[in-house]
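# Remarks on the overall topology
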There are 4 protein chains.
Amino acid sequence: MGKINIGIIGAGRIGRLHAKSISYHIPGAKVLGITDIIKDGLSDFAEELGIEKVYENHEELLDDPLIDAVLICSSTDTHADIAVKAAQKGKHIFCEKPVDLTPEKVLQVGEAVEKNNVFFQVGFNRRFDHNFAHIKNLVQAGEIGDVHVIKITSRDPAPPPAEYSAVSGGMFLDMTIHDFDMARFLADSEIVEVFANATCLVDPAIGEAGDVDTAVISLKFANGAIGVIDNSRQAAYGYDQRVEVFGSKGAAVAENDKPTNVSLWNADNISSDKPLYFFLERYMQSFVDEMTQFMEAISKNTTSPVGIKDGLNSLLVALAAKESSKSGKPIVINYD
Amino acid sequence: MGKINIGIIGAGRIGRLHAKSISYHIPGAKVLGITDIIKDGLSDFAEELGIEKVYENHEELLDDPLIDAVLICSSTDTHADIAVKAAQKGKHIFCEKPVDLTPEKVLQVGEAVEKNNVFFQVGFNRRFDHNFAHIKNLVQAGEIGDVHVIKITSRDPAPPPAEYSAVSGGMFLDMTIHDFDMARFLADSEIVEVFANATCLVDPAIGEAGDVDTAVISLKFANGAIGVIDNSRQAAYGYDQRVEVFGSKGAAVAENDKPTNVSLWNADNISSDKPLYFFLERYMQSFVDEMTQFMEAISKNTTSPVGIKDGLNSLLVALAAKESSKSGKPIVINYD
Amino acid sequence: MGKINIGIIGAGRIGRLHAKSISYHIPGAKVLGITDIIKDGLSDFAEELGIEKVYENHEELLDDPLIDAVLICSSTDTHADIAVKAAQKGKHIFCEKPVDLTPEKVLQVGEAVEKNNVFFQVGFNRRFDHNFAHIKNLVQAGEIGDVHVIKITSRDPAPPPAEYSAVSGGMFLDMTIHDFDMARFLADSEIVEVFANATCLVDPAIGEAGDVDTAVISLKFANGAIGVIDNSRQAAYGYDQRVEVFGSKGAAVAENDKPTNVSLWNADNISSDKPLYFFLERYMQSFVDEMTQFMEAISKNTTSPVGIKDGLNSLLVALAAKESSKSGKPIVINYD
Amino acid sequence: MGKINIGIIGAGRIGRLHAKSISYHIPGAKVLGITDIIKDGLSDFAEELGIEKVYENHEELLDDPLIDAVLICSSTDTHADIAVKAAQKGKHIFCEKPVDLTPEKVLQVGEAVEKNNVFFQVGFNRRFDHNFAHIKNLVQAGEIGDVHVIKITSRDPAPPPAEYSAVSGGMFLDMTIHDFDMARFLADSEIVEVFANATCLVDPAIGEAGDVDTAVISLKFANGAIGVIDNSRQAAYGYDQRVEVFGSKGAAVAENDKPTNVSLWNADNISSDKPLYFFLERYMQSFVDEMTQFMEAISKNTTSPVGIKDGLNSLLVALAAKESSKSGKPIVINYD
């Protein structure tokens, strides 16, 4: 079998990152074409990477019979429609997260995927992170025993502009959704209740926009485990991404990654590097690995490592967290 | 001024520990006498430490005009009555935690203390722990900026017998009360709402006794900060006592203390010691330091570092957590 | 200016690694052609990377006027002759370490390079390692003050076959030469005396072949600092690459890199990953960065970051260490 | 059997420290009497600890038939004579290190000890340190396999006055002697050759006094292992006491002890405490434990954990290091 031909829809930061990952690190796939609503610089980028085709729009890309699979890296509000069309054209799909901000549209995507029998993977890249994947392996190998408590700390180095809150759906749908997926992934169980203790301490403008920037989110899982996620939109020391799974036989704890393992010992103290700055630095390896898995799953016709259900259920938890934050009450999540 | 003469009421594990701390490490104080309802071995212990008097009961001890201050180390249900009597006799008081399981009796103690103008300190020893006291100093020095999130992990190496649950008032009043006080101490603010997500995962017998053994407790503070405590009655790797204060300028993070700083590097992995086993090993230094502070405060006539309000308010939070755990709802705490 | 056209001589493990680094990570350069004495699989490799030309031999490659610079990745005994020819053809040169096992031939290369005014860089890749480069920066920024003591621990996960000892010149010329260069680099001063306390403890066959596998090597630098390197051909826990620079204002300490930052806490102990397995895993980033520097230096016509003098002087120290190990005496190194 | 009655000769810092250790932590022993050439404050100290007798001089103390054992904590030049007399009086002996600066006098002590059949222990307290004792246990349990390399880093926070160099015998006899004993202890083998690469980089006055302040000392052991000690009289970050034993099955590595396990994460870096300041802070637990062992060995009539041979052989290595440093040559040590 030849290389898998990939079409990339959306050539922003994340689209270009995937294009490079595939070109440099995945021998079994080839970025055949690319498209974006912004044409500026697109041809140069394509040329640099040896991408043969620059399509006028995603329709043209989806019409190309040579394309086997697409990466949907456009803005969130376009994900679902493009995904449905791609499925109808028989293309396998990698869709950046969130699939959509409404469960209804995610379900439509799910139906189109199922009906057209294409492969679908959501861009919850953190599942492929070396630290978190290792913890998942330890959990699955029974090293932690029965899982009792899952703890996730997730803090950004700097908040997005306050006006971004409306577009993104707010902190829970934009940022915490990664953590909800991680919690579900590590617990291997759905979140059945969420209580979000959230507030605005970083930037008043975020609060004025109706959003929060600091939260402690309490979780109950279907399997009886409990958990907590704590978020901040601004950690002075940078991107903080830690996970802990505690169970009957012990705990697995992931600390932050840092640029170096050097420490400086002087008359003041012993000091070392801050964590890697933000998601591009911190999760680069996971972006490559999710692509590798995507290609392998397509080649071998296996189940998706991060399917439509993961996109949908993480969204449902995020929406429940938003509701809990507003009502001040715990919210039970209905999956029926 | 001469040495402060101390009388110890209750010569169990903690009473003896304090007797030794004072005898060995506090030149300005002297354990003059001791009493316990169990007479067996008491004289031998007194002789070993050079304690002159063994009283028949706490009334006799309180009647001795030579006694300046008492340590109340008897069973919890006797604390309040003894404290009231001690106050009436004009003795300064160090009282082990919890002062009582009911706010009413704690208030009675408070009134007696105030009326008789004696000094009163509760045995929340962890405030004096090297790690946590250092974090408090960093917070007070403004190194963390405004406090946004307080996180406490507190896990025991092994659960108490299930029948202990009834006597102790359950996990929140017996174990988490230390963490509630720590949260108040580090936030320098009262807890105004608590949501306890608690369950029984360690030992079904604990659940049958109406108690919980695993919890994630979400907190709101009067100053706007939020927080979380996670508890387990059984960590396979031993006593887990970590604290993190996150604020606008950064975070202060306390890791566990270990017996040695040695690691073993071999073909399997890099391994190091588990944490110090339990509270006697882990908090020994804090027990000495709380005594030192008690004596200094009496000598210098300063305010109590851990007063009746700390005993009362931590209890109110613990009771609210218990209620939240039962009702499944967040509970607002009323301090009026 | 267009891309720098690179010719690679020797397509073994390291030659192929450089080919990929350049193709994937260095936009300003292009691998135009490649050659190797082993033809098997060479065309396939070239095709995979889009390398246009596969030369019959290095002479043909050097004759190609389109080639701007060459990477000499063939066996050590061929380095010097090829480098001299490349210089004569006006090609810039990146030469894998060691340049040669004899100072005479290294000097010949140096003369050819100077006479023909080409750029020359030796493959002491560790200078570009994130940890060690950071320490160098700290030293240069004066953070350590005056350098007093340099310590390097360098242990391999497994020894090479005993018969390799003869070919490679033995442990000091094959393995420790990296550490000698690192010591010179960090001290920013030449090594003027060496005392090698070396023995054979890992594998008797290595000793029978006249080589050593375990060593503590004491150093004196021209600037008055002192140092020590300790080597082993076999660390049970894998590749151990640590560095410490101690000076009047403090110390900078580099610990090993590991695959993850996860630790497992259980009833036995707290355990974490062993170091990254060997040089390909551990130093991958440095191989890319030395190539980037090579290209930049050529483009900008700057001095070599690792010049012929570094290749020569590190070799002289290695030879002195070998002599010291045999004679049991400290050896003064003559640089005239 | 009753308590062991102890007489302390020399009530300086270390004598008083031992007096407190015994009084507070060792129920089986009692400090019966004390003496010092400086009378000032001696009675007050004795009274504070409940020490019954204050002797005029060490002769009077040694004549007291109630004294079972003595601690020799006077100045180094008096150790040997007092030890000989104590042995002749049948007293068991704990002698601070070094026993003497000349092997001859140490041998005299050894003869007197043997002839009078008394117990003798040298104050190499570091053998009882939690970290180093744990490493020794790992070595003895075979966890490291055959020992290949022993590494000791030992740096003081500040140099002694330059004039102290003459009195103390210089850095190797005063400071490194502890490290030589530690190396012998961990290797369980004698040092047969030493090469001291030493210099004066901290304070020129030390050099003018004929001493060194910075050293890398290469070691060969009788069992074939090799090793290295690095010393500095001044580490800007405080007392640096690390040990590493590397063998066929792995390595055991002891890091420094610190006042807290707290780290501060802020916009600058991640920082933590410097090591505990100096030997009193760092080795307090070992001082108590060596006393406990001393008493136990006397009670149970067992072999000394740190006998006259340890005092003698560590001194011989120190003298050889001094000679090597002066001659610039490795020195073979003759133990016959």
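This text gives an overview of the structure that appears in the document. (Residues numbered from 1 in each chain as written. Chains lettered and ligands numbered in written order. Predicted model: local features only at pLDDT ≥ 70, side-chain atom pairs only at ≥ 80, totals over all residues. Heavy atoms only, no water.)

## Details of the overall build of chain A
Along chain A, the regular secondary structure elements total twelve helices and 15 strands. For 336 residues, the compact-globule estimate of 2.2 N^0.38 gives 20 Å, and the C-alpha radius of gyration of chain A, at 20 Å, lies within 12% of that figure. Expressed as lengths along the three principal axes of its C-alpha atoms, the size of chain A is roughly 55 × 55 × 45 Å. Relative to its full complement of 336 residues, chain A shows a buried share of 61%. Of all intrachain contacts in chain A linking residues separated by at least 6 positions in sequence, the fraction that spans at least 24 positions is 71%. Roughly 12500 Å² of accessible area belongs to chain A as shown, and the carbon and sulfur atoms make up 51% of that amount. Seen as two clouds, the 31 positive and the 48 negative side-chain charges of chain A have centres 2 Å apart. (Helix = DSSP H or I, 4+ residues; strand = E, 2+ residues; numbered from the N terminus. Rg over C-alpha atoms; globule rule 2.2 N^0.38 Å. Buried < 20%, exposed > 50% of the residue type's maximum accessible area, 1.4 Å probe, protein only. Contact = heavy atoms within 4.5 Å. Areas by Shrake-Rupley, 256 points an atom, 1.4 Å probe, with all protein chains shown as cover. Lys, Arg positive; Asp, Glu negative; His and termini not counted. Charge placed at Lys NZ, Arg CZ, Asp CG, Glu CD.)

## A word on the packing of helix 1 (residues 13-25) of chain A against helix 2 (residues 42-49) of chain A
A pair of packed helices is characterised by two quantities: the angle between their axes and the separation of those axes. All names here are of chain A. Across the interface, helix 1 lies against helix 2 with an axial gap of 11 Å and an inter-helix angle of 15°. As the angle between them shows, helix 1 and helix 2 are arranged roughly parallel. Our pair here, helix 1 against helix 2, has a crossing hand that is right-handed. Across the interface between the two elements, R16, A19, K20, S23 and Y24 from helix 1 touch L42, F45 and L49 from helix 2. Here the contact of helix 1 with helix 2 is built from residues that sort into five nonpolar, one polar and two charged. (Axes fitted to C-alpha atoms, helices over the stretch in contact; angles between N-to-C directions. Parallel < 35°, antiparallel > 145°, perpendicular 65-115°, else oblique. Left-handed = near helix turned anticlockwise from the far one by under 90°. Nonpolar A, V, L, I, M, F, W, Y, C, P; charged D, E, K, R; others polar.)

## Quick word on the relation of the copies chain A and chain B
Take chain A, turn it by 180°, move it 0.0 Å along the axis, and it overlays chain B with an RMSD of 0.0 Å. Both copies are brought into coincidence by an operation consistent with a two-fold rotation axis. In this assembly the copies share their binding face: 100% of the residues contributing to the interface of chain A also contribute to that of chain B. (Least-squares fit on C-alpha atoms with pLDDT ≥ 70 in both.)

## Looking at the sheet that holds strand 4 (residues 69-72) of chain C
The pairing of strands in a sheet happens through backbone hydrogen bonds and is either parallel or antiparallel. All names here are of chain C. With respect to topology, six strands assemble into an open sheet ordered 3-2-1-4-5-6, the strand pairing being parallel. In the strand order of this sheet, the two ends are held by strand 3 (53-54) and strand 6 (120-122), each with one partner. Examined bridge by bridge, strand 1 (residues 4-9) and strand 4 share four bridges and lie parallel to one another. Residue I6 lies in a different strand from strand 4, and its bridge partner there is A69. (Pairing = 2+ DSSP bridges.)

## Notes on the pattern of salt bridges
Considering all chains together, one arrives at 97 salt bridges over all chains under this definition. For the salt bridge of D64 of chain A with K53 of chain A, the shortest nitrogen-to-oxygen distance reads 2.7 Å. Of the two residues, D64 of chain A is situated in the loop between helix 3 (58-63) and strand 4 (69-72) and K53 of chain A in strand 3 (residues 53-54); the sequence distance between them amounts to eleven residues. Overall, the relative accessible area of 26% leaves K53 of chain A in the partly exposed class. Notably, a salt bridge pairs R126 of chain A with D179 of chain A, separated by 3.2 Å at the nearest N-O pair. Residue R126 of chain A is found in the loop between strand 6 (120-122) and helix 6 (130-140), and its partner D179 of chain A is found in helix 8 (residues 171-187); the two are separated by 53 residues along the sequence. A relative accessible area of 8% places R126 of chain A in the buried class. Note on D179 of chain A: relative accessible area 2%, which makes it buried. Residues joined by salt bridges that share partners form a network here, namely K151 and E244 of chain A together with R155, D230, D240 and R242 of chain B. (Salt bridge = Lys/Arg side-chain N within 4 Å of Asp/Glu carboxyl O.)

## Considering the relation of the copies chain A and chain D
Superposition of chain A onto chain D requires a rotation of 180° combined with a translation of 0.0 Å along the rotation axis, giving an RMSD of 0.0 Å. Most of the interface of chain A is mirrored in chain D, where 100% of its interface residues again form contacts.

## Points about the sheet that holds strand 2 (residues 29-35) of chain B
One open sheet accounts for six strands, arranged 3-2-1-4-5-6 (chain B); its pairing is parallel. The open sheet is flanked by strand 3 (53-54) and strand 6 (120-122) of chain B, the only strands paired with a single partner.

Worth remembering: the numbers are spatial, not functional.
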